[in-house]
Amino acid sequence: MAGLNPEQRLAVETTEGPVLVLAGAGTGKTRVLTTRLAHILATGKARPWELLVVTFTNKAAREMRERITHLIGPSAEGLRWLGTFHSVAAQILRRHAELVGLKSSFTILDMDDQERVLKQLLEAANIDTKRWTPRSLSGMIDHWKNRGWTPDTLPAGEDFANGKGKGLYAAYQARLVSLNACDFGDLLLHNLTILGKNPAWPRTIGGGSNTSWWTSIRTPTWPSTCGCGCCRPPPATSAASAMTTSPSMAGAAPRWTTSSASSGISRARR
Ligand SMILES: Nc1ncnc2c1ncn2[C@@H]1O[C@H](COP(=O)(O)OP(=O)(O)OP(=O)(O)O)[C@@H](O)[C@H]1O
Ligand SMILES: [Mg+2]
């Protein structure tokens, strides 16, 4: 704590409710996140495996783990829910795969596998794969998944190959289930479906690319009834107050803002 400026300290000490930290490159955002984690652990508000810590990239996840380990020592190994959105989503999906028709041993298809499956489906539907390529269909499906749309919820205006989009998407999803497989986009989409299937898990879903998953995480609403003992869920958060402050770090021009929106850390309920 000693090395933090007042705004950073405020963000670290605000442990009830969401906190949004907006600050420029290299100005100490990660220091806030890692210190906030250490503070939550040191004050006994949560144990390492009750913290959900998500990043966009593997590099950022590695950096977070290293820096938290530096702060709290070996107990950082208990941070089992620290990773990228996709890796955390994959772990959750392994535990609840049956809710989306998969077995926990499912495989994750790479782009080539995905296009191979799509090519077969396009050919089976007598669609010219030169004009309507597997790659373009793959891109389209990825776009739909990033918006949280399943074949059933695909908006009417969304299409591929003159009216065949929805059917192809449904056939692709069915094929993946028969292969006990999913693609990268499914990691997030299936998590939304799993949350949606459990009425005890209220949530807000919305937004564009990948933000539906983000929204579901930042909305403090995971199940209180999940018995798996690991995706023990967040946070009955109370509304946090918004605070806007000025920069005070040496050499750091950007404005520091801490407000009540989201952070990369959710504290799980005991
Ligand atoms: N209040 C502070 N006083 C002095 N040094 C600080 C302070 N906050 C952060 N630093 C140092 O500034 C450097 C950058 O911090 P940090 O990596 O947390 O920034 P960041 O905003 O996450 O950067 P990036 O945009 O690259 O992700 C680190 O060496 C960190 O220890
Ligand atoms: Mg950083």
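First things first, this report covers the structure right here in the doc. In every chain, residue numbers begin from 1 and rise along the written sequence. Chain letters start at A and ligand numbers start at 1, both assigned in the order the entries are written. A pLDDT threshold of at least 70 governs which residues receive local features in this predicted model, and a stricter bar of 80 or more applies before side-chain atom pairs are shown or counted, although totals over entire chains, interfaces and linings include all residues.

## What to know about the nonpolar core
At step 1: V53 and Y172 are the most contacted members of the largest nonpolar core, which totals 49 residues.
At step 2: Elements are defined by DSSP. Helices are runs of H or I of four residues or more, strands are runs of E of two residues or more, and each kind is numbered from the N terminus. Here this core gets six residues from one element, more than from any other, and that element is helix α8 (residues 184-197).
At step 3: Once you skip the residues sitting within four places of it in the chain, Y172 turns out to touch V117, L118, L121 and I141. Under the definition applied here, buried Ala, Val, Leu, Ile, Met, Phe, Trp, Tyr and Cys residues are grouped into a nonpolar core through C-beta atoms within 7 Å. Field definition: a residue is buried when 20 or more other C-beta atoms are found within 10 Å of its C-beta, exposed when 12 or fewer are, and partly exposed for counts in between, with C-beta atoms placed from the backbone. In this description, a residue-residue contact is defined by the distance between C-beta atoms placed from the backbone, which must lie within 7 Å.

## Topic: the site of ligand 1
At step 1: Near, as applied to residues and a molecule or strand, means the residue's backbone-placed C-beta atom lies within 6 Å of it. Near ligand 1 lie 13 residues; those nearest to it are A25, G28, K29, T30 and R31.
At step 2: Counting residues per element, the shell around ligand 1 draws most heavily on helix α2 (residues 29-42), which supplies three residues.
At step 3: The residue classification treats Ala, Val, Leu, Ile, Met, Phe, Trp, Tyr, Cys and Pro as nonpolar and Asp, Glu, Lys and Arg as charged. All others, Gly included, are polar. Residues that form the shell around ligand 1 fall into these classes: four nonpolar, seven polar and two charged.

## Quick notes on the pairing of strand β2 (residues 51-55)
At step 1: With five of its five residues buried, β2 lies for the most part within the structure.
At step 2: A two-sided burial pattern is seen for β2, the buried positions comprising L51, V53 and T55 on one face and L52 and V54 on the other.
At step 3: For two strands to count as paired, DSSP must find a minimum of two bridges between them. Where β2 and strand β3 (residues 82-84) come together, three bridges link them in parallel fashion. Among the inter-strand pairings, V54 is bridged to a residue of β3, identified as G83.

## Thoughts on unusual backbone geometry
At step 1: The phi dihedral of N126 is positive, around 55°, even though this residue is not glycine.
At step 2: Its identity as a non-glycine residue notwithstanding, N162 has a phi of 50°, on the positive side.
At step 3: As for its placement among the helices and strands, N162 is situated in the loop between α6 (134-146) and α7 (165-178).
At step 4: Classification of N162 by C-beta neighbours within 10 Å gives exposed; the count is 8.

## Topic: α8
Residue pairs spaced three or four apart in an α-helix point in one direction, given the helix's 3.6 residues per turn.
At step 1: Working rule for helices: expected span equals 1.5 Å times residues minus one. Helix length check: α8 (14 residues) gives 21 Å between terminal C-alpha atoms against 20 Å at 1.5 Å per residue, within 8%.
At step 2: Listing the buried residues of α8 in full gives D186, L187, L188, L189, H190, N191, L192, I194 and L195.

## Side note on helix α5 (residues 111-124)
At step 1: Helix length check: α5, at 14 residues, gives a terminal C-alpha distance of 20 Å against a target of 20 Å (1.5 Å per residue), a fit within 8%.
At step 2: All buried positions along α5 are accounted for by Q114, V117, L118, L121 and L122. The buried residues of α5 occupy an angular sector of 140° when projected down its axis, which confines them to one face. Of the exposed residues in α5, those oriented more than 90 degrees away from the buried face are D112, R116, E123 and A124. Arc definition: directions from the helix axis to the C-beta atoms.

## A word on the packing of α6 against α7
At step 1: Only the stretch in contact is used when fitting a helix axis, every axis being a line fitted to C-alpha atoms; angles between N-to-C directions are given from 0 to 180 degrees. Orientation of α6 relative to α7, taken along the N-to-C sense of each, is 85°, at an axis distance of 11 Å. Taken together, α6 and α7 sit at an angle that is classed as roughly perpendicular. Residue-level inspection shows L137, M140, I141 and W144 of α6 in contact with α7, the latter providing G165, L168, Y169 and Y172.
At step 2: For the contact of α6 with α7, the per-class residue count stands at seven nonpolar, one polar and no charged. Roughly parallel refers to an angle under 35 degrees, roughly antiparallel to one over 145, roughly perpendicular to one between 65 and 115, and oblique to any angle outside these ranges.

## So, the environment of A76
At step 1: Tracing the backbone shows A76 in the loop between α3 (58-72) and β3.
At step 2: A count of 21 C-beta atoms within 10 Å places A76 in the buried class.
At step 3: The spatial distance from the C-alpha of A76 to the C-alpha of A38 is 9.2 Å, given a sequence separation of 38 residues.
At step 4: If we skip the residues at most four places from it in the chain, A76 touches P48, R65, I68 and T69.

Remember, this is a structural readout, not a statement about activity or role.
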